[in-house]
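Residue-level listing of the chains:
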Amino acid sequence: GERTFEGGSMFCKQCQKDVVVDEAEGNTICTLCGGVLDDNVFSNDPTFLKTATGASQVVGNVVPESGLAPTLTRGPRGQVTLSFQSQDSHEKTLNRGRSEINELADRLSIKPREEIASAAHRLYKLAVQRNFTRGRRTQQVAAACLYTICRQEQKPYMLIDFSDCIQANVYLLGAVFLQLLQLLRLEAHPIISRPIDPSLYIHRFADRMNFGKNMHAVASTALRLVASMKRDWMQTGRRPAGICGAALFIASHMHGFRRKKRDIVGVVHVCEATIKKRLGEFELTPNAQLTTSEFEQWGIQYEKEQALQSSQGSTGLTLAGSGANDLEDIVKLCGGFSGGEDPPAF
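These figures come from a predicted structure and were not determined experimentally.

S.K.: Please give an account of the pattern of salt bridges that cites residues and values.
M.R.: For the coordinates displayed, the defined rule picks out 8 salt bridges. Across the pair R224 and E303 runs a salt bridge, and its minimum N-O distance is 3.0 Å. Here R224 is found in helix α8 (residues 215-231), whereas its partner E303 is found in helix α12 (residues 292-312), with 79 residues between them in sequence. Of the residues examined, R224 reaches a relative accessible area of 13% and is grouped as buried. According to the relative accessible area criterion, E303 is partly exposed, its value standing at 38%. A salt bridge links E281 to R238, with the shortest nitrogen-to-oxygen separation between them at 2.7 Å. In this pair, E281 is assigned in helix α11 (residues 272-283) and R238 in the loop between α8 and α9 (240-254), connecting sequence segments 43 residues apart. Owing to a relative accessible area of 31%, R238 belongs among the partly exposed residues under this scheme. What you see here is one network of salt bridges that share partners, running through D106, R113 and E114.

S.K.: Any details on the environment of Q57? Residues and values, ideally.
M.R.: Structurally, Q57 is set in strand β7 (residues 56-59). Here the alpha-carbon distance between Q57 and P46, two residues 11 residues apart in the chain, equals 10.0 Å.

S.K.: Provide a residue-level description of helix α4 (residues 159-166), including the pertinent values.
M.R.: Since the α-helix turns once every 3.6 residues, residues separated by three or four places project in the same direction. Of all the 8 residues making up α4, 6 are buried; the element is thus mostly covered by neighbouring parts of the structure. Taken together, the buried positions of α4 are occupied by L159, D161, F162, S163, C165 and I166. For α4, the elements touching its buried residues are α1 (89-108), α3 (138-152), α5 (170-183) and α7 (202-207). Two residues or fewer past α4, Q167 is found with a positive phi of approximately 55°.

S.K.: Tell me about unusual backbone geometry, and name the residues and values.
M.R.: Look at the link from K111 to P112: it is a cis peptide, with omega at -10°. As for its position among the elements, P112 is in the loop between α1 and α2 (113-129). Phi is positive for Q167, which is not a glycine, with a value near 55°. Within the secondary structure layout, Q167 lies in the loop between α4 and α5. Of note in this structure, R185 is not a glycine but carries a positive phi near 60°.

S.K.: Account for the nonpolar core, with residues named and values stated.
M.R.: Within the largest apolar cluster, 38 residues are counted, with the highest numbers of intra-cluster contacts made by I110, L146, F162 and L180. Contributing elements (two or more residues each) for this core: α1, α2, α3, α4 and α5. Here this core gets 9 residues from one element, more than from any other, and that element is α3. Here F162 is in contact with L108, I110, A143, L146, Y147, C150, Y157 and L173, once residues within four sequence places are set aside.

Each value, and the rule that gives it
Residues numbered from 1 in each chain as written. Predicted model: local features only at pLDDT ≥ 70, side-chain atom pairs only at ≥ 80, totals over all residues. Heavy atoms only, no water. Salt bridge = Lys/Arg side-chain N within 4 Å of Asp/Glu carboxyl O. Helix = DSSP H or I, 4+ residues; strand = E, 2+ residues; numbered from the N terminus. Buried < 20%, exposed > 50% of the residue type's maximum accessible area, 1.4 Å probe, protein only. Contact = heavy atoms within 4.5 Å. Core = buried A, V, L, I, M, F, W, Y, C linked by side-chain atoms within 4.5 Å.

All quantities given are derived from atomic positions and should not be read as evidence of function.
Next comes the structure, spelled out in structure tokens:
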């Protein structure tokens, strides 16, 4: 192959020596034999030409990493317009997916936007490489990729939020999400197989219920209610939205906000019957018999126990075939192994 040297010299195979080259016409030409050594010369420095009116104009095309090449074209009246043209259909598909992911991230106010969107676009690239986008809408595949990254980063967004955003059936979007997991071999990954902690959504839901300055107080009480429900195994086999809705309904009444069940339904996206069932189940637990002040005292004591347990760094238990991190995740999810009601199996 050719060897390039500094100072505008290159090794010519015809002349069998290093010769001075000419790149004035966009091609690398040997000045001795006239052979074309390279016909694809890209320059990092822009070149400007003056038009008939004396204005400066950029010559050539800039090809960035994204594959979108801006091209200068002249209109019917002489005006110069800048247009973007993709190189091929593959690049068009990737760029369309990137724009859909960025639009979804903006509409849902996902933070940090750039990191989450770029990670989701990497999943979208894998889906395109394996022809997953054929026969499926770009919006649905982009939403499935973005929801997967939100699950990985533990962002407080549910699948129904994405279905509302793209105006698609949540079950259809869920089917695309499960098919994407099978394609990427992620269905058995701990990020996906591990149950979602309901307390992850409390602050997001509480912020949408117009509690004003008392929002943090209501959210704190709701978090303690969720912890109490965990200890009584109420979250086992339940959707996190129903647990959050029941906790926010009780917490709002404890702080003097007379929210109705239909107000909760519009925020957490579950039916009113589901919230009634969760409230009925909580009514059968020991903490349901406590007054507001007694429950707050229980919450403070519980938080002290959790802080003491985390400072000790060990629960004194081991999980066969798993590491210490897996056991800590189980303790965090179920609220600890001490106190509360027995598991449903008993």
